[in-house]
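# Structure assessment
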Amino acid sequence: MKPDRIVAVVLSLGLAGLPAACIASEAPADRKAVDAIFDDVFSRYHLPGLALGIVEDGRVVYSRTAGELVEGEGAKIDSQTLFKVASNTKSMTTATLARLVDAGKLRWDDPVTKWIPDFRMHDAWVGRQMQVRDLLIHNSGLRAGAGDLMLWPEPNTFTRADIIHGLGHLKPYRSFRSGYDYDNLMYIVAGEVAAAAGGAPYEALVRREVFEPLGMSRCQVGQWNRIEVGNVAQPHRRDGARNVPVRSDGDIVPATTMDPAGGVRCSLDDMLRWTANWLKPEAKSAAWLSQEQRQALWAPQMPMPVSRGMREWDRSHFSAYGYGWRLADVDGAFKVAHTGTLMGMYSAVTMLPDKGAGFVILINGEGEDARTVLTQVLVKRYTLGDPSLSVAHYARLLEEEDAVRPASEKAPNTSRRRRATAKELAPLLGVYRDPWFGEATLCRDGDSVRFRARKSPLLDGVVHRSGKRWLIDWDDPSVDAEAWLDVDGGGLRLAK
């Protein structure tokens, strides 16, 4: 049962944000059992780095890290190492908005146009009716991942103004508020709403409203100096048997357009503070956000499908999206969670409020299966306590799922592709313009043909023929999703 993905193409110095009483001694038997789980996941999935922390009743009871910031270079990951938390940023964005609601500066049912007068959707009526809450719960009617090419791959030159403009040109997949489809662009708009209501740029607001009051002192967003901050994990991709750094940071990490949807980086210590704040807030963090707004963030706002995997693995009966959180029942217990996925980085925050427990997973490599398996095993320790529900058990279930997955859900075999010639593509050569994606060119490159996107420089590659379709093979190996290039009504269309 794999969690949703973005569609695009601990216990050391520095825990000042938690009272001393929050640092608990660990039962040796429990430590030994969790260590075995940790070791199995780390070795089975050949991860470059892994950080895991567990909170019980507001106390950190387990914290462990392994691996390196960059595999092979020797610098070890610890509980202060920064990881990209990716879409776990979304709950920080909604918390920032909730703080503004508490302060009387914003209402969840405010029209988006109150704060962003230029905001439009493809259907003008939808643009007028969309409220702040609608930006947060994936009910816009757009297809999952619509417009994500304005965010990824990074770096690109799309601005938040480009995204707000582009939304007016994205045709809906279904009617407004009629169903759930995961969306990143609306969180960019939400960040701009927060900035307008809060009187500061989004990056300054999330520092002011979340990081500083909760003592999340290592968290970074916006532009920052990697050398000065130090101890920053780099993303990796798998290349055969090796983990290879990909899209490594320069000395200056720039602010990005996608910050409100997935741009925060935090350490394990900071993410455990964040988790403890929700499970058993101490006096300081309880005053940070009202009970009314805490309940609003965890209230079901948009129904989500209950997959077969959720029914079979977790005996789930409901699934819904709150404000920046996924909500479900697992073995009769309430679960609040979210995952985060960016190129070479995986994160998960999972809480079982009925059990007073929560845990944080941070990985700096290709770790989708590792994250799924580790999350499942840890959840079952609290909901069922069945030792047979092990890492090996869930790893086998994932392998079995992959084996029976329909061909339509698998990436097609394109190994027999060949380079297209300039002659056979001659009728399509030229400059193309799209109202939201901007300009792209299809031009001769020797005897081949090259596709280039003006605002997204990593989308640069040679066109191939695969079967009866054109395929773009990107020059940069970090752009891991090849794209079909289809002729559509006299224009070109990129497709997964």
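Counting of residues starts from 1 at the beginning of each chain's written sequence and follows it residue by residue. Reporting of local features is limited, given that this is a predicted model, to residues whose pLDDT is at least 70; pairs of side-chain atoms are given and counted only at 80 or more, and all residues count toward the totals for whole chains, interfaces and linings. Derived side-chain values reflect all non-hydrogen atoms in the structure, with water molecules and hydrogen atoms excluded from consideration.

Here we take up the sheet that holds strand 11 (residues 326-330). Pairing is antiparallel across the open sheet formed by eight strands, whose spatial order is 2-1-14-13-12-11-10-9. The sheet terminates laterally at strand 2 (59-67) and strand 9 (302-303), the two strands that pair on one side only. Only strands joined by at least two bridges in the DSSP assignment are considered to pair. A run of H or I in DSSP becomes a helix once it reaches four residues, and a run of E becomes a strand once it reaches two; helices and strands are each numbered from the N terminus.

For the rest of this paragraph, the subject is the packing of helix 2 (residues 89-102) against helix 10 (residues 268-279). A fitted line through C-alpha atoms serves as each axis, taken over the contacting stretch for helices, and the angle formed by two N-to-C directions is quoted from 0 to 180°. Relative orientation of the contacting elements helix 2 and helix 10 amounts to 55°, with a least axis distance of 13 Å. Relative to helix 10, helix 2 is oriented oblique. Crossing angle aside, the handedness with which helix 2 passes helix 10 is left-handed. Taken together, the residues of helix 10 that come into contact with helix 2 (itself represented by S91, M92 and A95) are M271, W274 and W278. Residues are sorted three ways: Asp, Glu, Lys and Arg are charged, Ala, Val, Leu, Ile, Met, Phe, Trp, Tyr, Cys and Pro are nonpolar, and all the rest, Gly among them, are polar. The residue inventory of the contact of helix 2 with helix 10, partitioned by class, reads five nonpolar, one polar and no charged. Roughly parallel means an angle under 35 degrees; roughly antiparallel means over 145; roughly perpendicular covers 65 to 115; every other angle is labelled oblique. Left-handed is the label given to a crossing in which the near helix is rotated counterclockwise from the far helix by less than a right angle, and right-handed is the label when the rotation is clockwise. The contact rule is simple, with two residues in contact once any of their heavy atoms fall within 4.5 Å.

This next bit is on the nonpolar core. Most often, soluble globular proteins have nonpolar side chains that are buried together. Buried residues of nine kinds, namely Ala, Val, Leu, Ile, Met, Phe, Trp, Tyr and Cys, make up a nonpolar core once their side-chain atoms join them within 4.5 Å. Relative accessible area decides the class of each residue, using a 1.4 Å probe on protein chains only: under 20% of the type maximum gives buried, over 50% gives exposed, and in between gives partly exposed. The biggest cluster of nonpolar side chains holds 110 residues, and the ones touching the most others in it are W108, W274 and W278. With nine residues, the single largest contributor to this core is helix 6 (residues 185-198). Other than its neighbours up to four places away in sequence, W108 contacts T94, L97, A98, V101, Q131, V132, R133, L136, Q293, A296, L297 and Y323. Grouped together as the second largest cluster of nonpolar side chains are 34 residues, V41, Y45, L52 and L397 included.

Further remarks concern the layout of surface pockets. To find leftover empty space, one rolls a probe the size of a water molecule over the atoms. Approximately 560 Å³ is the volume attributed to the second largest pocket. The method works on a 1 Å grid over the protein atoms by themselves. A cavity is a set of points holding a 1.4 Å probe that cannot get out, a pocket is an open set with protein on both sides within 12 Å along at least five of seven lines, and residues with an atom within 4 Å of a point line them. As for the second largest pocket, its lining consists of 30 residues, and the residues nearest its centre are K84, E154, P254, T256 and R265. Tallied by class, residues from the lining of the second largest pocket come to 14 nonpolar, nine polar and seven charged. Grid points are joined across faces, edges and corners, and a volume is the space filled by probe spheres set on the points.

Once that is clear, we can look at the pairing of strand 5 (residues 236-239). Bridge analysis of strand 5 against strand 6 (residues 242-245) gives four bridges, and the strand direction is antiparallel. What sits directly across from D239, in strand 6, is R242. Count of turn residues in the strand 5/strand 6 antiparallel hairpin: two residues, of which G240 carries a positive phi of about 65°.

Take the confidence of the model for the protein chain next. As a per-residue measure, pLDDT tells how confident the predictor is, with possible values from 0 to 100. Confidence in the prediction of the protein chain, expressed as mean pLDDT, is 92, and 93% of residues score 70 or more. This stretch, residues 1-28, has a pLDDT under 50; its non-local contacts, to residues over four places away or in other chains, come to 85 contacts.

Moving on to the pairing of strand 12 (residues 333-342). The side chains of a regular strand alternate, first on one face of the sheet and then on the other. Taken across its 10 residues, strand 12 has nine buried, putting it largely inside the fold. The pairing of strand 11 with strand 12 spans five bridges and is classified as antiparallel. By the bridge assignment for strand 12, L327 is matched with V336. Between strand 11 and strand 12, which pair antiparallel in sequence order, lie two residues; one of them, D331, sits at a positive phi of approximately 50°.

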